[in-house]
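Observations on chain architecture
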Amino acid sequence: MVRFAIGSKTAGSIAYPSARCGVTALRPAFGAVGRTGVLSLSESLDKLGPLCTSAVDCAIVLDVIWCKDPDDLSSRKIFLDDSFSVDITKLTIGYIEEAEMEVVDVLRSKGVKMVPFKLNYTIESVQGILNFTMDVDMLAHFDTWQRSGQDDEFEAQDQWPTELRWARVIPAVDYIQSQRARGKLTQEVKEGFTVHAFMEMLLIGKRFVSADKNQVLLLIKKTTGQFVQRRNAKHSAIL
(Lines give C-alpha, C1' and ligand atoms only; values in the text may rest on other atoms or scores of the structure.)
Protein backbone atom coordinates (compact mmCIF):
# COMPACT_ATOMS: atom_id res chain seq x y z
CA MET A 1 0.00 0.00 0.00
CA VAL A 2 2.75 2.43 0.99
CA ARG A 3 6.51 2.09 0.67
CA PHE A 4 7.16 3.60 4.08
CA ALA A 5 5.49 5.47 6.92
CA ILE A 6 6.69 7.75 9.71
CA GLY A 7 5.83 6.80 13.25
CA SER A 8 6.14 8.65 16.54
CA LYS A 9 7.22 6.90 19.69
CA THR A 10 6.65 7.98 23.26
CA ALA A 11 6.69 4.60 24.97
CA GLY A 12 6.55 2.06 22.15
CA SER A 13 4.51 3.29 19.18
CA ILE A 14 7.17 2.47 16.61
CA ALA A 15 8.53 -0.88 17.82
CA TYR A 16 5.23 -2.48 18.81
CA PRO A 17 3.19 -1.71 15.63
CA SER A 18 6.08 -2.77 13.38
CA ALA A 19 6.48 -6.05 15.27
CA ARG A 20 2.77 -6.82 15.09
CA CYS A 21 2.54 -5.92 11.40
CA GLY A 22 5.72 -7.75 10.40
CA VAL A 23 7.57 -4.73 9.02
CA THR A 24 10.97 -3.23 9.80
CA ALA A 25 11.25 -0.05 11.83
CA LEU A 26 13.97 2.18 13.22
CA ARG A 27 13.49 4.36 16.28
CA PRO A 28 16.26 6.98 16.15
CA ALA A 29 17.69 8.73 19.17
CA PHE A 30 15.83 11.60 20.77
CA GLY A 31 16.30 14.78 18.75
CA ALA A 32 17.57 13.09 15.60
CA VAL A 33 14.39 13.91 13.65
CA GLY A 34 12.55 17.22 14.01
CA ARG A 35 8.94 17.01 15.21
CA THR A 36 7.44 20.17 13.74
CA GLY A 37 3.86 19.48 12.64
CA VAL A 38 3.56 16.27 14.65
CA LEU A 39 0.96 15.76 17.41
CA SER A 40 3.25 15.34 20.39
CA LEU A 41 2.42 13.59 23.65
CA SER A 42 5.66 14.07 25.57
CA GLU A 43 8.06 16.83 24.57
CA SER A 44 11.05 15.16 26.24
CA LEU A 45 10.32 11.58 25.13
CA ASP A 46 8.81 11.65 21.64
CA LYS A 47 10.96 10.34 18.76
CA LEU A 48 10.12 10.02 15.05
CA GLY A 49 11.29 7.15 12.87
CA PRO A 50 10.54 5.21 9.69
CA LEU A 51 8.51 2.01 9.29
CA CYS A 52 9.52 0.25 6.08
CA THR A 53 9.73 -3.10 4.33
CA SER A 54 13.43 -3.56 5.07
CA ALA A 55 16.37 -2.24 7.06
CA VAL A 56 17.82 -0.80 3.85
CA ASP A 57 14.68 1.27 3.28
CA CYS A 58 14.80 2.45 6.91
CA ALA A 59 18.36 3.70 6.39
CA ILE A 60 17.39 5.52 3.19
CA VAL A 61 14.34 7.22 4.73
CA LEU A 62 16.20 8.16 7.91
CA ASP A 63 18.99 9.71 5.86
CA VAL A 64 16.39 12.05 4.35
CA ILE A 65 14.37 13.01 7.44
CA TRP A 66 16.96 13.48 10.16
CA CYS A 67 18.21 17.00 10.50
CA LYS A 68 18.32 20.01 12.78
CA ASP A 69 14.80 21.46 12.90
CA PRO A 70 14.82 25.23 13.61
CA ASP A 71 11.28 24.99 15.01
CA ASP A 72 12.07 22.06 17.32
CA LEU A 73 14.63 23.17 19.89
CA SER A 74 15.23 19.61 21.06
CA SER A 75 16.46 18.51 17.63
CA ARG A 76 20.15 18.42 16.86
CA LYS A 77 22.44 17.61 14.00
CA ILE A 78 23.94 14.16 14.42
CA PHE A 79 26.84 13.06 12.27
CA LEU A 80 26.92 9.44 11.20
CA ASP A 81 28.91 7.46 8.72
CA ASP A 82 27.27 6.12 5.58
CA SER A 83 25.16 3.15 6.67
CA PHE A 84 26.04 1.24 3.52
CA SER A 85 29.79 1.61 3.96
CA VAL A 86 29.98 0.09 7.46
CA ASP A 87 32.27 -2.94 7.74
CA ILE A 88 30.20 -5.22 9.97
CA THR A 89 33.23 -7.40 10.71
CA LYS A 90 34.61 -4.49 12.74
CA LEU A 91 31.49 -4.23 14.91
CA THR A 92 31.14 -5.64 18.38
CA ILE A 93 27.50 -6.40 19.19
CA GLY A 94 26.33 -7.36 22.64
CA TYR A 95 23.40 -9.65 23.32
CA ILE A 96 21.48 -10.01 26.54
CA GLU A 97 20.70 -13.35 28.14
CA GLU A 98 17.17 -13.48 26.68
CA ALA A 99 18.16 -12.59 23.10
CA GLU A 100 17.28 -14.94 20.23
CA MET A 101 20.33 -17.11 19.74
CA GLU A 102 19.33 -17.88 16.15
CA VAL A 103 19.83 -14.20 15.31
CA VAL A 104 23.06 -14.11 17.29
CA ASP A 105 24.38 -17.09 15.31
CA VAL A 106 23.44 -15.53 11.97
CA LEU A 107 25.25 -12.30 12.78
CA ARG A 108 28.27 -14.22 14.05
CA SER A 109 28.36 -16.21 10.80
CA LYS A 110 28.51 -12.90 8.90
CA GLY A 111 31.67 -11.93 10.76
CA VAL A 112 30.17 -9.76 13.48
CA LYS A 113 31.83 -10.10 16.87
CA MET A 114 29.03 -11.18 19.24
CA VAL A 115 29.59 -10.92 23.01
CA PRO A 116 27.37 -11.35 26.08
CA PHE A 117 26.27 -7.95 27.37
CA LYS A 118 24.63 -6.51 30.45
CA LEU A 119 23.80 -2.92 31.26
CA ASN A 120 24.91 -1.88 34.74
CA TYR A 121 22.97 0.90 36.43
CA THR A 122 21.95 1.82 39.96
CA ILE A 123 18.56 3.46 39.37
CA GLU A 124 15.72 1.26 40.61
CA SER A 125 12.69 3.39 39.68
CA VAL A 126 12.90 3.32 35.87
CA GLN A 127 9.15 2.75 35.44
CA GLY A 128 8.34 5.57 37.85
CA ILE A 129 10.64 7.96 36.00
CA LEU A 130 8.97 7.12 32.70
CA ASN A 131 5.45 7.52 34.14
CA PHE A 132 6.20 10.86 35.81
CA THR A 133 7.93 12.26 32.74
CA MET A 134 5.34 11.16 30.21
CA ASP A 135 2.29 12.17 32.25
CA VAL A 136 3.55 15.63 33.20
CA ASP A 137 4.79 16.34 29.67
CA MET A 138 1.46 15.19 28.29
CA LEU A 139 -0.54 17.33 30.70
CA ALA A 140 1.52 20.39 29.76
CA HIS A 141 0.62 19.72 26.13
CA PHE A 142 -3.10 19.21 26.85
CA ASP A 143 -3.39 21.69 29.71
CA THR A 144 -5.97 23.92 28.03
CA TRP A 145 -7.96 20.88 26.92
CA GLN A 146 -8.24 19.68 30.51
CA ARG A 147 -8.80 23.08 32.13
CA SER A 148 -11.65 23.83 29.73
CA GLY A 149 -13.40 20.58 30.70
CA GLN A 150 -13.13 19.01 27.27
CA ASP A 151 -11.68 15.88 28.85
CA ASP A 152 -15.17 15.18 30.24
CA GLU A 153 -16.30 14.51 26.66
CA PHE A 154 -13.67 11.83 26.12
CA GLU A 155 -15.39 8.46 25.73
CA ALA A 156 -12.87 6.29 27.59
CA GLN A 157 -12.84 8.12 30.92
CA ASP A 158 -10.74 5.43 32.60
CA GLN A 159 -7.84 6.06 30.22
CA TRP A 160 -6.23 9.41 29.27
CA PRO A 161 -8.57 11.70 31.28
CA THR A 162 -7.78 9.77 34.46
CA GLU A 163 -4.07 9.73 33.63
CA LEU A 164 -4.00 13.50 33.11
CA ARG A 165 -5.97 14.23 36.28
CA TRP A 166 -3.46 12.17 38.22
CA ALA A 167 -0.61 14.13 36.63
CA ARG A 168 -2.19 17.39 37.83
CA VAL A 169 -1.49 16.47 41.47
CA ILE A 170 2.09 15.21 41.11
CA PRO A 171 4.18 17.24 43.60
CA ALA A 172 6.80 19.45 41.98
CA VAL A 173 9.49 18.08 44.30
CA ASP A 174 8.75 14.50 43.22
CA TYR A 175 8.92 15.47 39.56
CA ILE A 176 12.26 17.25 40.04
CA GLN A 177 13.66 14.22 41.85
CA SER A 178 12.51 11.91 39.05
CA GLN A 179 14.31 14.07 36.48
CA ARG A 180 17.48 14.02 38.55
CA ALA A 181 17.27 10.24 38.62
CA ARG A 182 16.61 10.24 34.88
CA GLY A 183 19.77 12.25 34.28
CA LYS A 184 21.78 9.86 36.40
CA LEU A 185 20.32 6.88 34.54
CA THR A 186 21.21 8.43 31.19
CA GLN A 187 24.79 9.02 32.30
CA GLU A 188 25.14 5.48 33.64
CA VAL A 189 23.83 4.03 30.38
CA LYS A 190 26.34 6.11 28.40
CA GLU A 191 29.22 5.00 30.58
CA GLY A 192 28.11 1.36 30.49
CA PHE A 193 28.46 0.95 26.74
CA THR A 194 31.42 -1.22 25.83
CA VAL A 195 29.88 -2.37 22.51
CA HIS A 196 28.67 -0.64 19.36
CA ALA A 197 25.11 -1.82 19.99
CA PHE A 198 23.25 -4.57 21.79
CA MET A 199 20.48 -7.02 20.91
CA GLU A 200 17.43 -7.65 22.99
CA MET A 201 14.16 -9.54 22.75
CA LEU A 202 10.95 -7.70 21.86
CA LEU A 203 8.07 -8.78 24.05
CA ILE A 204 5.51 -9.27 21.28
CA GLY A 205 4.16 -12.39 19.69
CA LYS A 206 3.95 -16.02 20.73
CA ARG A 207 7.56 -16.66 19.69
CA PHE A 208 8.91 -14.59 22.55
CA VAL A 209 8.87 -15.26 26.27
CA SER A 210 8.36 -12.34 28.61
CA ALA A 211 11.36 -11.52 30.76
CA ASP A 212 11.56 -8.93 33.53
CA LYS A 213 15.16 -8.00 32.70
CA ASN A 214 14.25 -7.31 29.08
CA GLN A 215 11.30 -5.16 30.11
CA VAL A 216 13.68 -3.01 32.15
CA LEU A 217 15.89 -2.55 29.08
CA LEU A 218 12.89 -1.37 27.09
CA LEU A 219 12.02 1.12 29.83
CA ILE A 220 15.59 2.38 29.92
CA LYS A 221 15.56 3.02 26.17
CA LYS A 222 12.25 4.87 26.40
CA THR A 223 13.37 6.95 29.36
CA THR A 224 16.85 7.96 28.21
CA GLY A 225 16.29 8.16 24.44
CA GLN A 226 19.99 8.67 24.00
CA PHE A 227 22.24 8.27 21.02
CA VAL A 228 25.53 7.16 22.48
CA GLN A 229 28.38 8.24 20.22
CA ARG A 230 31.98 9.03 21.03
CA ARG A 231 34.09 11.05 18.66
CA ASN A 232 36.49 8.20 18.07
CA ALA A 233 33.51 6.09 16.91
CA LYS A 234 34.70 3.13 18.95
CA HIS A 235 31.53 2.88 20.99
CA SER A 236 28.25 4.03 19.51
CA ALA A 237 24.70 2.78 19.63
CA ILE A 238 21.10 3.86 19.33
CA LEU A 239 19.17 3.28 22.53
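Note: the structure precedes this text.
In what follows, the accompanying structure is described. (Residues numbered from 1 in each chain as written. Predicted model: local features only at pLDDT ≥ 70, side-chain atom pairs only at ≥ 80, totals over all residues. Heavy atoms only, no water.)

**A look at helix α2 (residues 55-65)**
Put simply, the test is: Each residue gets one of three labels from its accessible area relative to the maximum for its type: buried under 20%, exposed over 50%, partly exposed in between, using a 1.4 Å probe on protein chains only. Elements are defined by DSSP. Helices are runs of H or I of four residues or more, strands are runs of E of two residues or more, and each kind is numbered from the N terminus. Throughout, a contact is declared for two residues whenever any of their heavy atoms are within 4.5 Å.
For α2, every residue scored as buried is listed here: Asp57, Cys58, Ala59, Val61 and Leu62. Looking at the buried positions of α2, the neighbouring elements they touch are β1 (4-9), β2 (24-25) and β3 (47-52).

**Points about a nonpolar patch on the surface**
To keep things clear, this is the line we draw: Residues forming no salt bridge and having over 30% relative accessible area are the ones grouped into patches, like charges within 9 Å of each other and nonpolar side chains (Val, Leu, Ile, Met, Phe, Trp, Tyr) within 5 Å. Calculation of accessible area relied on Shrake-Rupley with a 1.4 Å probe; when residues are assessed, cover is drawn exclusively from the protein chains displayed. One side-chain nitrogen of Lys or Arg within 4 Å of one carboxyl oxygen of Asp or Glu is enough to make a salt bridge.
On the surface, Val56, Ile60 and Phe84 cluster together to form a nonpolar patch covering roughly 290 Å² of accessible area. Mapped onto the secondary structure, isoleucine 60 falls in helix α2. Owing to a relative accessible area of 43%, isoleucine 60 belongs among the partly exposed residues under this scheme.

**A look at the nonpolar core**
Put simply, the test is: Side-chain atoms within 4.5 Å link the members of a nonpolar core, which is a set of buried Ala, Val, Leu, Ile, Met, Phe, Trp, Tyr and Cys residues.
Judged by nonpolar contacts, the single largest core of 20 residues is most densely connected at Tyr95, Met114, Ile123, Phe193, Val195, Phe198 and Met199. The greatest single-element share of this core, amounting to three residues, is contributed by helix α7 (residues 172-191).

**Looking at the sheet that holds β2**
For the record, the criterion: Note on pairing: DSSP must find at least two bridges between two strands before they are called paired. Whenever a helix is involved, its axis is fitted only over the stretch in contact; in every case the axis is a line through C-alpha atoms, and angles between N-to-C directions fall within 0 to 180 degrees.
Here we have three strands laid out as an open sheet, ordered β1-β3-β2, and antiparallel in their pairing. Each edge of the sheet is formed by a strand with only one pairing partner; in this case those strands are β1 and β2. Docked against the sheet, α2 engages β1, β2 and β3, running at close to 140° with respect to β3.

**Thoughts on the side chain of threonine 92**
With respect to the helices and strands, the residue threonine 92 is situated in strand β4 (residues 92-95). Other than its neighbours up to four places away in sequence, threonine 92 contacts Lys113, Val115, Val195, His196 and Ala197.

**Let's talk about the packing of helix α4 (residues 126-141) against helix α6 (residues 160-168)**
What counts, and what does not: Each angle is binned into one of four classes, with values under 35 degrees roughly parallel, values over 145 roughly antiparallel, values of 65 to 115 roughly perpendicular, and all other values oblique. Charged means Asp, Glu, Lys or Arg here, nonpolar means Ala, Val, Leu, Ile, Met, Phe, Trp, Tyr, Cys or Pro, and polar covers whatever is left, Gly included.
Interhelical geometry of α4 versus α6 gives an angle of 95° and a closest axis separation of 9 Å. In terms of orientation, α4 lies roughly perpendicular with respect to α6. For the pair formed by α4 and α6, the contact residues are Phe132, Asp135, Val136, Met138 and Leu139 on the first element and Trp160, Glu163, Leu164, Trp166, Ala167 and Arg168 on the second. For the contact of α4 with α6, the residue count by class is eight nonpolar, no polar and three charged.

**Some remarks on the sheet that holds β4**
An order of β5-β4-β6 is seen for the three strands of this open sheet, with the pairing classed as parallel. In the strand order of this sheet, the two ends are held by β5 (113-116) and β6 (197-199), each with one partner. Ignoring strand direction, the axes of neighbouring strands in this sheet form an average angle of 35°. The pairing of β4 with β5 spans four bridges and is parallel. Bridge assignment links threonine 92 to a residue of β5, and that residue is lysine 113.

**A few points about α4**
So the rule is basically this: Here the expected length of a helix is defined as 1.5 Å per residue gap, with one fewer gap than residues.
Between the first and last C-alpha of α4 there are 23 Å, a value that for 16 residues agrees with the 22 Å anticipated at 1.5 Å per step. The complete set of buried residues in α4 reads Val126, Ile129, Leu130, Phe132, Thr133, Met134, Asp135, Asp137, Met138 and Leu139.

**Topic: the pattern of salt bridges**
Tallied over the entire structure, the rule returns eight salt bridges. Among the ionic pairs, aspartate 105 bridges to arginine 108, the shortest N-O distance being 3.5 Å. Linking aspartate 105 with arginine 108, this pair stays in helix α3 (residues 101-109), spanning three residues, or about one helical turn. A relative accessible area of 42% means that aspartate 105 is categorised as partly exposed. One salt bridge connects aspartate 143 with arginine 147, and the closest N-O pair in it is separated by 2.8 Å.

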